[in-house]
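# Residue-level structural notes
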Amino acid sequence: MLFDILTLFPNIFDGYLSESLVKSAIDRKLIDVRRYNIRDWSADKHRKVDDSPYGGGPGMVLKVDCVVPCVEDVQVNVANRGRLLMMTPQGRRLDQKFVEELSRERRILLLCGRYEGFDERVSQILQPEEISIGDYILNGGETAAMAIIDAVVRLVPGVLGDEYSSLCDSFSAGNRLLEGPQYTRPRVYRGLKAPEILVGGNHEQIQQWRAEEAVKRTEQRRPDLFQN
Ligand code: ADE
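Residue numbers restart at each chain and count upward from 1, following the sequence in its written direction. The model is predicted, so local features are restricted to residues of pLDDT at least 70 and side-chain atom pairs to those at 80 or more, both for listing and for counting; the totals for chains, interfaces and linings are taken over all residues. Side-chain descriptors were evaluated using all non-hydrogen atoms of the structure, hydrogens and water having been removed beforehand.

Attention now goes to the pattern of salt bridges. Each salt bridge in this description consists of a side-chain nitrogen of Lys or Arg and a carboxyl oxygen of Asp or Glu lying within 4 Å of one another. Following the criterion strictly, the structure yields 17 salt bridges and no others. In this structure, K63 and D65 form a salt bridge, with 3.3 Å as the shortest nitrogen-oxygen distance. Measuring nitrogen to oxygen at the nearest pair gives 2.9 Å for the salt bridge that ties E142 to R114. Within this pair, whereas E142 is found in helix α6 (residues 142–153), its partner R114 is found in the loop between β6 (107–111) and α5 (120–126), the two being separated by 28 residues in sequence. On the basis of relative accessibility, which here comes to 1%, the residue E142 falls in the buried class. The structure contains a network of salt bridges with shared partners spanning R83, E101, E105 and E129. The way it works is that DSSP assigns letters per residue, a run of H or I at least four long becomes a helix, a run of E at least two long becomes a strand, and they are numbered from the N terminus. To sort residues, take the accessible area from a 1.4 Å probe on protein chains only and compare it with the maximum for the residue type: under 20% means buried, over 50% means exposed, and anything in between is partly exposed.

As structure tokens, this is what we get:
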């Protein structure tokens, strides 16, 4: 699977792409991540990519004549044009169902904004799917793009080791419950004991206990999920 990230700050992704699961997925060629600096498409001699909004008001708007050529060039350099996602707090809210859908794509383009957002004509021309990761305002779409990659990558076959399956993840198609509590050594810490049942070795009982705890936790913390 190929991710193309279009951003004004490609270096923001350095640490993220060079650690842990994502690094290993790249090393094993299960995914490829390419970064493009939108500024490279600026026609301006000062490499300007933004301008003040028509009609006045605070902040700067990303220029349509940088963003559109950038996306179009990136789209043509691979046979599959891919699925174009624009990061914006005004978009459709990301959820696990959409993540599952994305994990079946061969190519995803992530368009990251900064400042007050994109000139409206970017959306009119490119018709991206506008995606939000929640009802709060980030400084830019880069962290939203990372969240999307992070969620999608774990569903790409082979990325997670055999010891762990994403099928059991909360919010996945087969599981609408939160996970119950987990424990590991030491058995007792500051007087708090790990539940006896987990160290008793009876797998049937353990499964039963975990299922009950998942239900309890979901009921308490996310009654909205529980009702569904
Ligand atoms: N850009 C700024 N805020 C955002 C959000 N909540 N989701 C996606 N992109 C954003």
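A cis amide bond links R185 to the next residue, P186, at an omega of 0°. At S20, a residue that is not glycine, the phi angle is positive and equals roughly 60°. With respect to the secondary-structure elements, S20 resides in helix α2 (residues 20–27). We classify S20 as exposed; its relative accessible area is 61%. You will see that R47, though not glycine, has its phi angle at about 60°, which is positive. Along the chain, R47 turns up in the loop between β2 (32–37) and β3 (50–51).

Along the polypeptide, G200 turns up in the loop between α7 (196–199) and α8 (203–221). Residues G200 and G117 lie 83 residues apart in sequence; the distance between their C-alpha atoms is 56 Å.

Time to look at a nonpolar patch on the surface. Nonpolar side chains collect at one region of the surface, where F9, I12 and Y115 lie side by side and expose about 250 Å² of accessible area between them. Within the secondary structure layout, F9 lies in the loop between β1 (2–7) and α1 (14–17). Like charges within 9 Å and nonpolar side chains (Val, Leu, Ile, Met, Phe, Trp, Tyr) within 5 Å are joined into patches, using only residues over 30% in relative accessible area that form no salt bridge. With residues, only the protein chains shown are counted as cover, and all accessible areas are computed by Shrake-Rupley using a 1.4 Å probe.

Let us look at the sheet that holds β1. Overall, parallel pairing links the five strands, which are arranged β2-β1-β6-β5-β7 in an open sheet. Whereas interior strands pair on both sides, the edge strands pair on one side only; in this sheet they are β2 and β7 (129–132). Neighbour-to-neighbour, the strand axes of the sheet open up by a mean angle of 30°, direction not taken into account. Judged from the four bridges that link them, strand β5 (residues 83–93) and β6 form a sheet pairing that is parallel. Bridge pairing in β6 links R83 to I108. Only heavy atoms enter the contact rule, under which two residues are in contact if any of them lie within 4.5 Å. Only the contacting stretch of a helix is used when fitting its axis, a line to C-alpha atoms as for every element, and angles between N-to-C directions run 0 to 180 degrees. Running over the sheet, α6 touches β1, β5, β6 and β7 and is turned about 175° from β1. A pair of strands is considered paired only if DSSP assigns at least 2 bridges between the two.

Attention now moves to the nonpolar core. Counting residues in hydrophobic clusters, the biggest one holds 31 residues, and the most contacted among them are F3, I31, L85, M87, L110 and I148. Those elements that place two or more of their residues in this core are β1, α1, α2, β5, α4 (96–102), β6 and α6. In this view, L85 contacts F98, L102, I108, L109, L110, L111, E129, I131 and I148; residues no more than four positions away in its chain are not counted. The nonpolar core is taken to be a set of buried Ala, Val, Leu, Ile, Met, Phe, Trp, Tyr and Cys residues, with the residues joined through side-chain atoms within 4.5 Å. Of all hydrophobic cores here, the second largest spans 20 residues; its members include L6, V64, L109 and V122.

By nearness alone, every residue bordering the ligand is listed as M87, T88, P89, I131, S132, I133, G134, Y136, I137, L138 and A144. Between N or O atoms, a polar contact is any pair within 3.5 Å; within protein, one atom must be a potential hydrogen donor and the other a potential acceptor, and residues adjacent in sequence are included only when both atoms are from side chains. Note that a nitrogen atom of the ligand is positioned 3.1 Å from one of the backbone N or O atoms of G134. Within the backbone of L138, an N or O atom sits 3.0 Å from a nitrogen atom of the ligand. Contact with the protein chains hides 95% of the accessible area of the ligand, taken as 260 Å² for the molecule alone. When contributions to the shell around the ligand are tallied by element, the ones reaching two or more residues are β5 and β7. Three classes are used: nonpolar for Ala, Val, Leu, Ile, Met, Phe, Trp, Tyr, Cys and Pro, charged for Asp, Glu, Lys and Arg, and polar for all others, with Gly counted as polar. Looking at the shell around the ligand, its residues break down into eight nonpolar, three polar and no charged. If a single non-hydrogen atom of a residue is within 4 Å of a molecule or strand, that residue counts as near it.

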